[in-house]
Amino acid sequence: MGHFYFFGCSSMMTPEYPEPILLDANPSVAVRYEYGNIQLKLQTQILDGNPTAYRFSVFNQSDSISPLISKIFFPDDTIIVILPVDFFQIEDLGYVAILVPQGDDFEIVKNYFTIEQTGVFEFPTAYIRRKPVMLVGNVSQRIGKIPIVGAKVQIIDSTGVVGNSETNTSGQFEIELRFPFKDRKDLHLTISTGGRYSRWRDRIDFQGEKWLNKSVVLGPSALFISQGMVYRVIQNETPFREGPENGSPIKFFLSEGDIFVAETVAGDQLFGQIEILIEKNGYLQHFEGWIKNKYLKFIQ
């Protein structure tokens with residue numbers, strides 16, 4: 001009877017298997033990325049109208065169609081948006097924050113900006129008002145339709161001047177008025193040229209609209225100035241009489257800048273014609289009469 005013993009140079013090893021992944025189990029590891037925050041803050045001040053809400057959106061300047069973020073705020077809300085700093089890409093050219101007041105035809109407020117650090121980014125106060133009433137137009141000479149540069153254009157009411165402008169090198173002008181003026185019936189447009197032509201004045205009516213285009217033609221017609229020697233009236237309220245006598249009835253009082261075409265000279269009196277535009281039908285009508293030479297300046 002005997003005993004047998006076996007010895008080896010290695011011991012028995014227990015096999016190890018990878019931990020199984022259970023699809024319906026909770027994750028055992030969570031990774032959280034933390035960034036600094038950017039606060040975009042905007043205050044509003046209402047100048048005109050009553051907005052019902054505000055839509056605040058941020059766009060990349062290279063894409064004005066798809067907002068990066070867009071939120072609705074109500075008038076009593078504080079307009080503030082908190083975003084992680086990595087929301088803004090360093091390589092982007094910049095961003096634009098757009099505030100659109102709701103409830104009426106309001107002006108849109110835009111602010112262009114870039115982000116360089118965390119913290120509070122406060123935009124300038126957004127002034128809320130309805131889109132303005134616009135009067136645009138042009139002023140030109142009757143002969144040749146040449147633009148008149150530097151003409152003074154004003155809108156007046158019973159209280160005085162409510163809007164003014166000056167024609168540019170193309171004879172164009174633009175006047176912006178507050179929203180309520182679109183319903184006003186007491187507005188007049190005046191155009192002055194420093195005595196080159198007589199002061200022009202006419203009533204304007206926006207008829208409830210927010211845009212009005214007005215073209216104005218100044219000066220005499222080519223036919224009129226071809227009929228004699230051309231003078232310019234140099235004084236307001238110049239008498240235009242039926243005869244050369246001092247006591248002769250006065251037909252009109254002429255204004256500085258009016259054009260007079262002389263046919264006959266009698267001492268210090270000149271006989272000729274003036275040309276007046278009849279606004280009702282758009283005709284140019286001529287009237288004959290006498291003017292003293294001291295009220296005139298020879299042109300051609």
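The structure we're discussing is the one just above.
Residues numbered from 1 in each chain as written. Predicted model: local features only at pLDDT ≥ 70, side-chain atom pairs only at ≥ 80, totals over all residues. Heavy atoms only, no water.

Turning to the overall build of the protein, a few remarks are in order. For the protein, the count of helices and strands is one helix and 23 strands. Restricting to contacts in the protein with at least 6 residues of sequence separation, those with at least 24 account for 59%. Summing over all exposed atoms, the protein offers an accessible surface of approximately 19500 Å²; the carbon and sulfur share of this is 51%. (Helix = DSSP H or I, 4+ residues; strand = E, 2+ residues; numbered from the N terminus. Contact = heavy atoms within 4.5 Å. Areas by Shrake-Rupley, 256 points an atom, 1.4 Å probe, with all protein chains shown as cover.)

Attention shifts here to the pattern of salt bridges. For the structure shown, the criterion picks out 12 salt bridges. Here R130 and D104 are joined by a salt bridge, their closest N and O atoms 3.6 Å apart. Here R130, found in the loop between β9 (126-128) and β10 (133-141), pairs with D104, found in the loop between β6 (95-102) and β7 (109-113); they are 26 residues apart in sequence, far enough to count as distant. Owing to a relative accessible area of 18%, R130 belongs among the buried residues under this scheme. Residue class for D104 comes out partly exposed when judged on its relative accessible area of 39%. The closest approach of N and O atoms between K182 and D183, which form a salt bridge, is 3.3 Å. When its relative accessible area of 13% is taken as the criterion, K182 is described as buried. (Salt bridge = Lys/Arg side-chain N within 4 Å of Asp/Glu carboxyl O. Buried < 20%, exposed > 50% of the residue type's maximum accessible area, 1.4 Å probe, protein only.)

Another aspect to go through is the nonpolar core. Looking at soluble globular proteins, one finds that nonpolar side chains tend to be buried together. Counting 21 residues, the largest nonpolar core has L40, F56, L99 and F113 as the members making the most contacts within it. For this core, the elements supplying multiple residues, two or more each, are β1 (37-42), β3 (53-60), β4 (69-73), β5 (79-84), β6, β7 and β9. Residues within four places of F56 in sequence aside, it is in contact with L42, I69, S70, K71, F73, I79, V81, A97, I98, L99 and F123. (Core = buried A, V, L, I, M, F, W, Y, C linked by side-chain atoms within 4.5 Å.)

Our next topic: the packing of aromatic side chains. How two aromatic rings sit relative to each other is given by the distance of their centres and the angle of their planes. Tallied over the entire structure, the rule returns 10 aromatic pairs. With a centroid separation of 6.1 Å and an interplanar angle of 20°, the aromatic rings of F240 and F252 are classed as stacked. Taken as a pair, F240 in strand β18 (residues 238-241) and F252 in strand β19 (residues 250-254) lie far apart in primary sequence, 12 residues in all. By relative accessible area, which is 0% here, F240 ends up buried. A residue is classified by how much of its surface remains accessible, and F252, at 28% relative accessible area, is partly exposed. (Phe/Tyr/Trp six-rings, centres within 6.5 Å; stacked < 30°, edge-to-face > 60°.)

Spatially, three strands are ordered β13-β10-β16 in an open sheet, and the strand pairing comes out mixed. Every other strand in the sheet has two partners, leaving β13 (172-177) and β16 (211-218) as the edge strands with one partner each. On average, each strand axis in the sheet is inclined to that of its neighbour by 20°, with strand direction left out of account. (Pairing = 2+ DSSP bridges. Axes fitted to C-alpha atoms, helices over the stretch in contact; angles between N-to-C directions.)

Further remarks concern the environment of F298. Take F298: it is sitting in strand β23 (residues 296-298). The partly exposed category is assigned to F298, whose relative accessible area is 47%. It is 9.1 Å that separates the C-alpha atoms of F298 and V233, two residues lying 65 residues apart in sequence. Ignoring any residue separated from it by four or fewer positions in sequence, one finds F298 in contact with M229, V230 and Y231.

With a phi angle near 55°, K145 is a residue other than glycine that sits in the positive phi range. By the secondary structure assignment, K145 is in the loop between β10 and β11 (152-157). The class for K145 is exposed, based on a relative accessible area of 54%. Of note, E237 is a non-glycine position whose phi angle comes to about 60°, a positive value. Among the structural elements, E237 can be located in the loop between β17 (229-233) and β18. For E237, a relative accessible area of 63% corresponds to the exposed category.

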